[in-house]
Number of protein chains: 2
Amino acid sequence: MAPMRIALAQIDTCVGDLEANTEAILAWTRRAAAAGADLVAFPEMTVTGYPIEDLALRASFRRGAEAALQATAARLAAEGLGEVVVVVGTVGEHTSREHAGAPARPTNQAVVLARGAVHERYDKHHLPNYGVFDEYRIFAAGVDPCVLEVKGRRVGLVICEDLWQDGGPVAAMDDAQIELLLVVNASPFEEGKTHQRVELAARRSREVGAPVAYVNMIGGQDDLVFDGGSFVIAAGGALLARAPQFVEHLLVWDLPDAATTTAAPAPAALAPLLDPDEEIYRAVVTGLAGYLHKNGFRSVVLGLSGGIDSALVAAMSADAIGGENVVGVSMPSRYSSDHSKDDAADLAKRLGADYRVQPIKPMVDAFEGELGLEGVAAENLQARVRGMILMALSNAEGHLVLATGNKSELAVGYSTIYGDAVGGYAPLKDVDKSRVWALARWRNNAAVDAGELPPIPESSITKPPSAELRPGQVDQDSLPPYDLLDEVLDAYVEHAEGRAELLARGFDPEVVDRVLALVDRAEWKRRQYPLGPKVTALAFGRDRRLPITTRWREPSAPTQEQVR
Amino acid sequence: MAPMRIALAQIDTCVGDLEANTEAILAWTRRAAAAGADLVAFPEMTVTGYPIEDLALRASFRRGAEAALQATAARLAAEGLGEVVVVVGTVGEHTSREHAGAPARPTNQAVVLARGAVHERYDKHHLPNYGVFDEYRIFAAGVDPCVLEVKGRRVGLVICEDLWQDGGPVAAMDDAQIELLLVVNASPFEEGKTHQRVELAARRSREVGAPVAYVNMIGGQDDLVFDGGSFVIAAGGALLARAPQFVEHLLVWDLPDAATTTAAPAPAALAPLLDPDEEIYRAVVTGLAGYLHKNGFRSVVLGLSGGIDSALVAAMSADAIGGENVVGVSMPSRYSSDHSKDDAADLAKRLGADYRVQPIKPMVDAFEGELGLEGVAAENLQARVRGMILMALSNAEGHLVLATGNKSELAVGYSTIYGDAVGGYAPLKDVDKSRVWALARWRNNAAVDAGELPPIPESSITKPPSAELRPGQVDQDSLPPYDLLDEVLDAYVEHAEGRAELLARGFDPEVVDRVLALVDRAEWKRRQYPLGPKVTALAFGRDRRLPITTRWREPSAPTQEQVR
């Protein structure tokens, strides 16, 4: 028996763009056929894009997706590609067997196309509904397993979460005597997940006694980033092939004939793994590029303060859409230092950005003359005038406004609602301040290694961070040192640890109480303004949906009376 | 056998406020005991408040709730209330029987307190995860039914959604030979839901052959409003007692002795049902009052344009927290008409509000002098200067800013991001323009009926609506008539109907295409600015979570080529 050639098409889809997504299915099937593939597999929900959220509940959308799917099957055959078995994902419909006449419910479906028709439909069994996932909300679960016959070989088919759950359709594959387990995925990027996926697939390959082929999507979609990194595991658990991350790619692999299936062939193309800082940097750029492209933006505008956050966002924007499509606006106030203005100009020059200077004094004076503000209201006023200037440029010229706040300062509320929080996308929303510096250094070093000019001025990296909203202000007047702050934030916000757990880990009680009070107050401020800066961008870590109103606080330090 | 006296404590809890919620349990148990009750039942998740969203996933929060529960049981006994059986809701923990050492998962739990201890724990079986509900996301489902013995009578206990689903714990109650089915609820207000609840409970009472006692919470919590309306149904389905909506209330009812349980006693206290406009008006005021109170605000600030939306929001605010705590700011521009300014002043006077006038010309001139804006950018600038003035007053004086946009204009994008959309709460977010007029008329008529001055100037109700951002502008320059617009929006947005369904209902194709294009564009604009005006307030209808990026559109009208 000849080997069966498998092609994993790691592509970038767009939610709702049925036309572009099905065109991509055709284009990549042509490439796979040219490479001699018998079977080509696409990521989860290829036709519709992923995640479609409550669009799944709109019947006219489901009708549109089904029509696009049928047309694709017909076009494949008409182009002479009917002999290639094509596995794509789409939204299906579940019609209740028990309740005749009940409205159909959407399913997360994988479909097998061949010879101009739809041959099999597999509905995902396990519907993740935690973190960033809401599939139980929108989909009905499938109940039947799916085993295809391709060139006389038995191929088990499951979708993403089906692989992660013990039992279920994967456990049934052992009895089904499959020769290959094919998993189609839309698995969002998280730090360290590359290893988790491979380890899990290796375990499953041993459980079912067959190789595992894992295809993932790539690209930015809303607040998610998909990293690709599709791979193939031998029946014994050895990694045989791996696609690169963050690019579209066709990974081709031959399933050996039945007699040698259990022997581990020599590894073929293993794309190198990325350095952790490079991986995060490219994830952010991929997310930003996808957001801009899929929403029809060709340019961005942002305020350049001379500080590290706006410098890093500008460099990432230049990498995403080209420096010539970045508009950087220096908006100095009476408190802005000369070195800030110089660093902003230097940055823009290095990136080839459109650089403008717009002092805020005339507008600030007009507001202060009318309203007579002081303290925080006066500080916020400066940030809000800057936000209005950026929005006016956006309205007049069509750029997307980028907010430059990082995860640490958003967590502790070191930000002005309707001020520096203004923007359609916040690239650093999931990047803490310690990592901001690390990414800036990585980017500059990468430029040096490539013989290019480092994009970020060295003084933006080395000087003490300051909001420059009053004379001599620096961040550390109000906040603990960032390395310490970021450690406490990681435990309290990301890992939901309580005060007791934080103290048990050895953090200074004074620092813990100070940070917890800042975070709780910042969350409360955000809750007051739900119409305001809802921060929705990349989600590297867990996505926590908290109530708007809550009076619950971590138990505070015992008072002297209680201690006595 | 003597009758058993049941008290349903329809109270207002606050998410996370363990201290206030348990104090309320004590206070209302005292009242129930004074009324001779043997059993007092509180709403779903009384101790923690509802909905707690991802707070459920924080172990230190669960420990805090459990400590508060145990303390409450002890305090009840210490006060001599140990003989009263008290049913309260809280967050429980599910420890896996299959996976030793797996972390505990939260449950939605009802607990029975008596004689200083916790006697029973029932975990909700059916976890709603549609519309505004996300319970499957955060809770593990219960599997065991719960039947209490109180004074020798068998009382079946279920939680909210358990009643709505066929099968499950309610179906098991028939075999359990219960004499009363007790349902504890946190059921959000929706138009028409009062009737649905009673009909459902009547059906269940016939299925289990026992009366049904239904207790619901009241009050505003985040983007939800709970209306109360607790009730008792006889075994045969007859309505026996009903609490009023939108107020805390103790509904007391005697379960007849066993011999007469199936006979329908004469109806006792049936609180009158509300007129539909009054019901909506009071739902909005309840939501606003709860949001202000639970977030610690004592006053609000809003722009008064002289138009109907801001007039209605001001009147509702006065009803929620008193006119003296409402700051109304007239912010005239060169395009503001004299009647607008007069109507705003008249309104403030009627409400006893703090009225201020702040012309926007100096700030608008400063921006225009620097930036030279025209068209939409110039129109938006006026709205944004107003938003900044309101936020400056909020920062300086501590008021919550209210956004006054209604559902119709938000749906079609007739609103400025960071301009009139600025605010922490949008009371009319789920009220369409047709209903805005109806509510204003209802409120004025109610005043006349009570012999009071109508709060809203008649001319604000009767004049054609205008944004007054350019000379002579009226809404109908850009939008279809509101009564027609609201009908199309209801079908397209609320009921997710497609273009084909809308045409089949007889709507003019030109109007349909125009409205669909407006809505799709407005959603797209909102998606571009996820950091901007996320609209989160009352949810009368379905809550739809749509993807940020989607290119899918309703199929548009066929072109001439296609028709030929």
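Residues numbered from 1 in each chain as written. Chains lettered and ligands numbered in written order. Predicted model: local features only at pLDDT ≥ 70, side-chain atom pairs only at ≥ 80, totals over all residues. Heavy atoms only, no water.

- For chain A, the name recorded in an unreviewed UniProt entry is Glutamine-dependent NAD(+) synthetase, with Pengzhenrongella sicca as its organism.
- UniProt lists a comment for chain A under the heading Catalytic activity (unreviewed entry), and it reads "deamido-NAD(+) + L-glutamine + ATP + H2O = L-glutamate + AMP + diphosphate + NAD(+) + H(+)".
- The Pathway (unreviewed entry) comment attached to chain A in UniProt states, word for word, "Cofactor biosynthesis; NAD(+) biosynthesis; NAD(+) from deamido-NAD(+) (L-Gln route): step 1/1." (UniProt positions renumbered as here; feature names shortened; annotations may be inferred.)

**Considering the sheet that holds strand E16 (residues 326–330) of chain B**
All names here are of chain B.
Thought 1: A sheet is described by the order of its strands in space; here four strands give the open sequence E17-E16-E15-E18, paired in parallel fashion. Strands at the two margins of the open sheet, each flanked by one partner only, are strand E17 (354–357) and strand E18 (400–401).
Thought 2: Examined bridge by bridge, strand E15 (residues 300–303) and E18 share two bridges and lie parallel to one another. Among the inter-strand pairings, valine 301 is bridged to a residue of E18, identified as valine 401. (Pairing = 2+ DSSP bridges. Helix = DSSP H or I, 4+ residues; strand = E, 2+ residues; numbered from the N terminus.)

**Focus on the environment of serine 310 of chain B**
Residue and element names in this part refer to chain B.
Thought 1: Inspection of the secondary structure puts serine 310 in helix H8 (residues 308–321).
Thought 2: Since its relative accessible area comes to 4%, serine 310 is described here as buried.
Thought 3: Taking the C-alpha atoms as reference points, serine 310 and serine 460, separated by 150 residues in sequence, lie 9.5 Å from one another. (Buried < 20%, exposed > 50% of the residue type's maximum accessible area, 1.4 Å probe, protein only.)

**Quick notes on the environment of arginine 384 of chain B**
Residues and elements named next belong to chain B.
Thought 1: If you trace the backbone, arginine 384 turns up in helix H11 (residues 375–397).
Thought 2: Between the alpha carbons of arginine 384 and tyrosine 418 there is a distance of 5.8 Å; along the sequence they are 34 residues apart.
Thought 3: A polar contact is formed between the side chain of arginine 384 and the backbone oxygen of isoleucine 417, at a distance of 2.8 Å. (Polar contact = N/O pair within 3.5 Å; in protein donor to acceptor, adjacent residues only side chain to side chain.)

**Focus on the UniProt feature "active site" (unreviewed entry) in chain A**
All names here are of chain A.
Thought 1: As annotated by UniProt and renumbered to match this structure, "active site" (unreviewed entry) occupies Glu44, Lys124 and Cys160. Spanning 117 residues, the annotated positions come together in the fold, the maximum distance between their C-alpha atoms being 9.9 Å.
Thought 2: The topology assignment puts glutamate 44 in the loop between strand E2 (39–41) and helix H2 (59–78).
Thought 3: Here the side chain of glutamate 44 touches asparagine 108 through a polar contact of 2.7 Å, side chain to side chain.
Thought 4: With respect to the secondary-structure elements, lysine 124 resides in the loop between strand E5 (117–123) and helix H3 (135–138).

**Some remarks on the sheet that holds strand E17 (residues 354–357) of chain A**
Remark on secondary structure: sheet strands pair via backbone hydrogen bonds, oriented parallel or antiparallel.
Residue and element names in this part refer to chain A.
Thought 1: Taken together, four strands build an open sheet; the order of strands is E17-E16-E15-E18 and the sheet is parallel. Both outer strands of the open sheet, E17 and strand E18 (400–401), are each paired with one neighbouring strand and no more.
Thought 2: As paired elements, strand E15 (residues 300–303) and strand E16 (residues 326–330) share four bridges and run parallel to each other. Each bridged residue has a counterpart across the sheet, and for valine 300 the counterpart in E16 is valine 326.

**As for the side chain of serine 299 of chain B**
All names here are of chain B.
Thought 1: Looking at where serine 299 falls in the secondary structure, it is placed in the loop between helix H7 (276–294) and E15.
Thought 2: Within the local environment of serine 299, its side chain forms a polar contact with the side chain of histidine 399, the two groups lying 2.7 Å apart.
Thought 3: In this structure, serine 299 is in contact with Ile321, Asn325, Gly398, His399 and Leu400, ignoring residues within four places of it in sequence. (Contact = heavy atoms within 4.5 Å.)

**Some details on the pairing of E16 of chain A**
Residue and element names in this part refer to chain A.
Thought 1: Among the five residues of E16, five are classified as buried, and the element is accordingly described as predominantly covered.
Thought 2: Burial along E16 is two-sided: the face carrying Val326, Gly328 and Ser330 and the face carrying Val327 and Val329 are both buried.
Thought 3: Regarding topology, helix H8 (residues 308–321) serves as the crossover connection from E15 to the parallel E16, and that connection is right-handed.
Thought 4: Where E16 lies against E17, four bridges are found, and the strand directions are parallel. Counted as the bridge partner of valine 329 is arginine 356 from E17.
Thought 5: The parallel pair E16 and E17, bridged by helix H9 (residues 338–351), forms a crossover whose chirality is right-handed. (Right-handed = clockwise from strand over helix to strand, strands pointing away.)

**Description of empty space enclosed by the protein**
Residue and element names in this part refer to chain B.
Thought 1: Within the structure shown, the criterion is met by ten cavities of 30 Å³ or more.
Thought 2: Estimates place the volume of the largest cavity at around 90 Å³.
Thought 3: Lining of the largest cavity is provided by Met45, Tyr50, Pro51, Ile52, Glu53, Val132, Phe133, Asp134, Glu135, Ile138, Phe139 and Leu224. (1 Å grid on protein atoms, 1.4 Å probe; cavity = no way out; pocket = protein on both sides within 12 Å on 5 of 7 lines; lining within 4 Å. Points joined across faces, edges and corners; volume = space filled by probe spheres on them.)

**Some details on the nonpolar core**
Thought 1: Within the largest apolar cluster, 60 residues are counted, with the highest numbers of intra-cluster contacts made by Tyr281, Leu312, Met316, Leu402 and Ile456 of chain B.
Thought 2: Contributing elements (two or more residues each) for this core: H7, E15, H8, helix H9 (338–351), helix H12 (407–412), helix H13 (433–449), helix H15 (482–494) and helix H17 (509–528) of chain B.
Thought 3: In terms of residues, this core owes the most to one element, H8 of chain B, which gives ten residues.
Thought 4: There are two domains that each give this core at least three residues, and those are domain 1 (4–258) and domain 2 (280–475) of chain B.
Thought 5: When neighbours within four sequence positions are excluded, methionine 316 of chain B is seen to be in contact with Tyr281, Val284, Val285, Leu288, Leu428 and Leu439 of chain B.
Thought 6: Counting 57 residues, the second-largest nonpolar core is a separate cluster that includes Ala344, Leu351, Ala440 and Leu479 of chain A. (Core = buried A, V, L, I, M, F, W, Y, C linked by side-chain atoms within 4.5 Å. Domains from an automatic or database assignment.)

**Comments concerning the domain arrangement of chain A**
All names here are of chain A.
Thought 1: Considered domain by domain, chain A is made up of domain 1 (4–258) and domain 2 (280–475).
Thought 2: For domain 1 versus domain 2, the separation of C-alpha centres amounts to 39 Å.
Thought 3: In this assembly, 13 residues from domain 1 lie in contact with ten residues from domain 2.
Thought 4: Taken over both partners, the interface formed by domain 1 and domain 2 buries close to 900 Å², and the fraction arising from carbon and sulfur atoms is 60%.
Thought 5: For arginine 435, the salt bridge is made with glutamate 191, and the minimal N-O distance between the two is 3.0 Å.
Thought 6: Joining domain 1 to domain 2, the criterion identifies four residue pairs in polar contact (both at pLDDT 80 or more).
Thought 7: Of the residues forming the side of domain 1 that touches domain 2, the biggest block, three residues, is contributed by strand E10 (residues 218–221).
Thought 8: Of the residues assigned to the side of domain 1 that touches domain 2, the class counts are five nonpolar, five polar and three charged. (Buried area = accessible area lost by both parts, 1.4 Å probe. Salt bridge = Lys/Arg side-chain N within 4 Å of Asp/Glu carboxyl O. Nonpolar A, V, L, I, M, F, W, Y, C, P; charged D, E, K, R; others polar.)

**A few points about the confidence of the model for chain A**
Any segment with low pLDDT has predicted coordinates that should not be analysed in fine detail.
All names here are of chain A.
Thought 1: Taken over all residues, the pLDDT of chain A has a mean of 88, while the share at 70 or more is 90%.
Thought 2: Taken together, the stretch residues 530–544 has pLDDT below 50 and engages in 77 contacts with residues farther than four places along the chain or on a different chain.
Thought 3: Taken over the whole predicted complex, pTM reads 0.92, whereas the ipTM for its chain interfaces reads 0.90. (pLDDT = per-residue confidence, 0-100.)

**Digging into the packing of H7 of chain B against H13 of chain B**
All names here are of chain B.
Thought 1: Here H7 crosses H13 at 95 degrees, and the two axes come no closer than 9 Å. Taken together, the axes of H7 and H13 are roughly perpendicular relative to one another. The segment H7 lies against H13, with Pro276, Asp277, Glu278, Ile280 and Tyr281 engaging Arg435, Ala438, Leu439, Trp442 and Arg443.
Thought 2: Residues of the contact of H7 with H13, tallied by class, amount to six nonpolar, no polar and four charged. (Axes fitted to C-alpha atoms, helices over the stretch in contact; angles between N-to-C directions. Parallel < 35°, antiparallel > 145°, perpendicular 65-115°, else oblique.)

**Brief notes about the pairing of strand E3 (residues 85–94) of chain A**
Walk down a regular strand and you will see the side chains alternate between the two sheet faces.
Residue and element names in this part refer to chain A.
Thought 1: Of all ten residues making up E3, eight are buried, and the element is well covered by its neighbours.
Thought 2: Relative to E3, E2 is paired through three bridges, and the arrangement is parallel. What sits directly across from alanine 41, in E3, is valine 87.
Thought 3: Bridge analysis of E3 against strand E4 (residues 105–114) gives nine bridges, and the strand direction is antiparallel. Among the inter-strand pairings, valine 86 is bridged to a residue of E4, identified as leucine 113.

**Re the pattern of salt bridges**
Thought 1: Tallying each qualifying case throughout the model produces 72 salt bridges over all chains.
Thought 2: Across the pair glutamate 501 of chain B and arginine 63 of chain A runs a salt bridge whose closest N-O atoms are separated by 3.3 Å. With glutamate 501 of chain B in helix H16 (residues 499–504) and arginine 63 of chain A in helix H2, this pair bridges two chains.
Thought 3: Aspartate 54 of chain B serves as the salt-bridge partner of arginine 137 of chain B, at 2.8 Å between the closest nitrogen and oxygen. With arginine 137 of chain B in helix H3 (residues 135–138) and aspartate 54 of chain B in the loop between strand E2 (39–41) and helix H2 (59–78), this pair connects stretches of sequence that are 83 residues apart. For the pair shown, arginine 137 of chain B and aspartate 54 of chain B are each scored as buried.
Thought 4: The structure contains a network of salt bridges with shared partners spanning Asp166, Arg203, Arg204 and Glu207 of chain A.

**Describing helix H13 (residues 433–449) of chain A**
All names here are of chain A.
Thought 1: The terminal C-alpha atoms of H13 lie 24 Å apart, and with 17 residues this matches the ideal 24 Å at 1.5 Å per residue to within 8%.
Thought 2: Check the buried side of H13 and you find it contacts helix H7 (276–294), H8, helix H12 (407–411), helix H14 (458–462) and helix H15 (482–494).
Thought 3: In the segment just after H13, glycine 451 is the residue with positive phi, at about 70 degrees. (Expected span 1.5 Å × (residues − 1).)

**So, the packing of helix H1 (residues 18–34) of chain A against H2 of chain A**
Residue and element names in this part refer to chain A.
Thought 1: As a packed pair, H1 and H2 sit with axes 10 Å apart at the nearest point and diverge in direction by 25 degrees. Between H1 and H2, the crossing angle belongs to the class labelled roughly parallel. Where H1 crosses over H2, the two elements pack in a sense that is right-handed. Each of Leu18, Thr22, Glu23, Ile25, Leu26 and Thr29 in H1 lies in contact with H2, whose residues at this interface are Phe61, Gly64, Ala65, Ala68, Thr72, Arg75 and Leu76.
Thought 2: Taken together, the residues that form the contact of H1 with H2 break down as seven nonpolar, four polar and two charged. (Left-handed = near helix turned anticlockwise from the far one by under 90°.)

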